[in-house]
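Each chain, written out:
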Amino acid sequence: MKSNLKLLTALYLLSSNLFAQDLSVSGKILDADQKPLVFANILLKNIDSVLIKGTSTNENGEFRINSIEKGKYLLFASYMENTSETITISVLKDLDIGILQLHQKELELDEAVISYKKPSLEQKVDRLVFNIENTALSDSDIWDVLKRTPSVVIINNQLSIKGSSNVGVMINDKLVNIPQEDIINLLSGSSASNVETIEVITSPPAKYSAEGGLLINIKMKKNLIAGYNGSMYNKYTQGVYAKHTLGTEHFFKGKKSDFSITYSYRDDKYLSKYTDITNFFEPEERDEIWTAEQQSELWRKQHNISAFYDYEINDRNKISVSTINSLSPTMHRNYTSETLIIDANNNLDSSFGSVNTSDSHINNVSYYVDWTHTFKKEGSQISLSNHYTFYDYYQGQDIRTDFFDNNGTTTGVNDFLTTTGQETGLLSLQVDYESPFGEKAKLETGLRYAAINSENRITQEGFERNYPGVDPTPSGLFTYDEQISAAYISLNNNWENWKLKAGLRAEYAETIGKLDSDTDRNKNSYLEFFPSVSLRHSIGANHDIGLQYYRRIERPRYNRLNPFQYFQTNNSTIEGNPDLLPTTRNYISIGYTYDKGYTAELTYFEDKNDYALQVFQDNEANLLRFISSNIGLKKSYGLDVTINKRPMIFWNIYLLFGYYYSGNTFKDLSSGQLVKNEIWTGHMRTTNSFTLLRDESLFADLSFRYFSPTVSGNSRRESTSELSLSFRKNLWNKKASVSLSFEDIFNQSKTFTTRRYLNQNNSSSFRRENRLLVLGFRYKFGNIRISDNQKRKQIDERNRI
């Protein structure tokens, strides 16, 4: 351990002598009387008129915008009802534009700030940036927007990017450390109206933890205009059952501080249906067919609350405090199952019915404290970050099963109780340093330490062990501790027509897992290195070539490491596995883009020790076992072709066609034999966005996606498709908006999976409430439009503050 710490320290000290580059734009704002304007707003856009950065003038009317990449931009100043001319600037080095004067004319300030005609998709060296503002999607929740985000695939609420389900979700560059099913609950209860862009980070820089896999960074809007504004919104969703969300958002920007807080409350009821058909064998001949028709009804009440506070201590020091919370104090589930047992002669042998009722709660709270110090050397800074997450899960369930003979006569009853819980605490500390390196590069380096403690417990009682399938694991407590130390160094370089991001990250991990009824411990330690490279070259104005490579790791989720056997019905269980190994991935892609809108990309990745929740049938106990297990080697390679163009001024279209090989090997649970599962498969996606009416106040989005049959682990999934349509209409000079969406219009997104090999022959059909009607209303308010004389009075009295 000491030698590894020395290695990490050496990497950090070595990197502290290197440098990088950020450019800045500065100037001075005067009013019509040639007097400096205090607290005027300076806005910087790219050539496509997409807002990039903003700042305010100081007491002398001066401003500076830092951390700007080379390129051409649009810049203008605004002060309540007054505005300057919009100037075009070319940033090749630090630029002082001199004096910019405001004209005395009226201007709708909110129009100038948020007037976009279409969602834009920008390809950067290591990520895709998707802008949804002023589209029909902005009145959706964030989870629905992710379903339409380029490169993101969501099937049955399983999130993946470029074939990887190891996807981390960040909000404003802060990783949300909760299980994916709870990520869904958080994002589906959060409005997208506050989202500025969604970044799909396809080659994560070395700065980010190697554990996070590929990343989705949800960038929330900042209140660039001084003052206060907010909104209230209401969303109603009708499927089989109704779902309702009510929320509010508030933003404040002062001279030295920025504060935002969002809150939403959800009261939902969900319906899901399943059909499992299992052909059990004894020993090699088919013995029985078990057909289980199941239905799950879930009631959930949930509170989401997030707050972000930034305070500028002085010109060189800034502190940020934030919190992201998802609280589900009330969840009730009613799970019913009717199973028919057909013998080898296709006659009804017997049947049984199970009712599983449960009550549970999930609470997740996360806190972040960040401090940033800017050095006198332009572009150099150091930041310290502290993060803590606490996750608490509890569920108590009662499973009752009634058994019947072939005439429907009751032959027995089995009624048992199960209580499960998980508590996980995660603490991390990180220091990052960045500095210019020459004129065109920037170097970043840092250290990170993370400590995780997780406790999983279960108690089960009341089992009647004479009935088939019932053989539960003992009650117990499983504890898991993990410590990770990391160091990284990366170089970002922009020169001529080249852009480069390259880095190396080292992580040393120690893990200990222990079951209270067992004297042995599962101990593991390892040192891994994670290189990453992203390179992009522009040839003329219309040709770009890109290369990406990275190595990442996915460590098993804490709830999948516990060894307990948890019953869903009398003959189906969910089981953890304390022997799970971490998954490592090597990924490489080469892409070509023409005219910024046509892209062809060749990709290849290889996952070692990939793991997932696999379904195995136990032919002796007549059980369906959902077991977390390592799959083995997983490979995929193929071609993606994308088109992102604007055929007409009111119409933007995004098309994706993909064709690729997907295959993996896995170990059969009963025989230990290695089995190969492979297929050539493909997918197609399209999103059409329209801006309608003369005042551009009506937006429409039409989306379609299709996935051909594919494989995963020991399963084959048949094709799925989905067509959705959304509208949004601005009202009252953009103070309000109404939205209407039709999700999965033809109800074709249900999934059907099969597992047929050796002595396994079973299938699963899953139908959730995907065909939905969604209605929304939003109202904005605030004091941005303070009249000019009131603002002048405030300025005149500022020296008394």
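Note on numbering: residues in each chain are counted from 1, in written sequence order. Only residues with pLDDT of at least 70 are given local features in this predicted model, and only at 80 or more are side-chain atom pairs given and counted; all residues enter the totals for whole chains, interfaces and linings. The side-chain quantities take in all heavy atoms of the structure and omit both hydrogens and water.

*Asks:* How should the environment of Asp 398 be read in this particular structure?
*Replies:* Secondary-structure assignment places Asp 398 in strand E23 (residues 381-405). Linking Asp 398 and Asn 334, residues 64 residues apart in sequence, is a C-alpha distance of 10.0 Å. Whether two residues touch is decided by their heavy atoms; if any such pair falls within 4.5 Å, the residues are in contact. In contact with Asp 398, other than residues within four places in its own chain, are Val 355, Asn 356, Thr 357, Asp 415, Phe 416 and Leu 417. Each helix corresponds to a stretch of at least 4 residues labelled H or I by DSSP, and each strand to a stretch of at least 2 residues labelled E; elements are numbered beginning at the N terminus.

*Asks:* Help me understand the side chain of Ser 354 in this model?
*Replies:* Topologically, Ser 354 is positioned in strand E22 (residues 348-374). Taking relative accessible area as the criterion, Ser 354 reaches 3% and is therefore assigned buried. Residues adjacent in sequence count toward polar contacts only when both atoms are side-chain atoms; beyond that, a polar contact is any pair of N or O atoms within 3.5 Å, and within protein one must be able to donate a hydrogen and the other to accept it. A polar side-chain atom of Ser 354 sits 2.9 Å from a polar atom in the side chain of Thr 401. Beyond its immediate sequence surroundings of up to four residues, Ser 354 is in contact with Tyr 335, Thr 336, Ser 337, Arg 400, Thr 401, Thr 569 and Asn 570. Each residue is placed in one exposure class: buried if its accessible area under a 1.4 Å probe, protein chains only, is under 20% of its type's maximum, exposed if it is over 50%, and partly exposed if it falls in between.

*Asks:* What exactly am I supposed to notice about unusual backbone geometry here?
*Replies:* Glycine aside, the phi torsion of most residues is negative, and most peptide linkages are trans. Even without being a glycine, Glu 696 presents a positive backbone phi close to 55°. Take Glu 696: it is sitting in the loop between strand E36 (674-692) and strand E37 (698-707). On the basis of relative accessibility, which here comes to 28%, the residue Glu 696 falls in the partly exposed class. At Trp 732, a position not held by glycine, the phi torsion is positive, near 55°. Along the chain, Trp 732 turns up in the loop between strand E40 (720-731) and strand E41 (736-743).

*Asks:* Help me understand the pairing of strand E21 (residues 317-343), please; the structure alone is not making it clear to me.
*Replies:* Sheet faces and side chains relate simply in a regular strand, where the side chains alternate between the two faces. Sheet topology places strand E20 (residues 286-314) next to E21; 25 bridges connect them, and they run antiparallel. From the neighbouring strand, Ala 292 faces E21, where its bridge partner is Thr 339. Linking E20 back to E21 in an antiparallel pair, the connection comprises two residues. As paired strands, E21 and E22 are joined by 24 bridges and run antiparallel to one another. Across the sheet, residue Thr 339 finds its bridge partner in E22, namely Phe 352. Joining the antiparallel neighbours E21 and E22 is a turn of four residues, in which Asn 346 adopts a positive phi near 65°. Any two strands between which DSSP finds at least two bridges are classified as paired.

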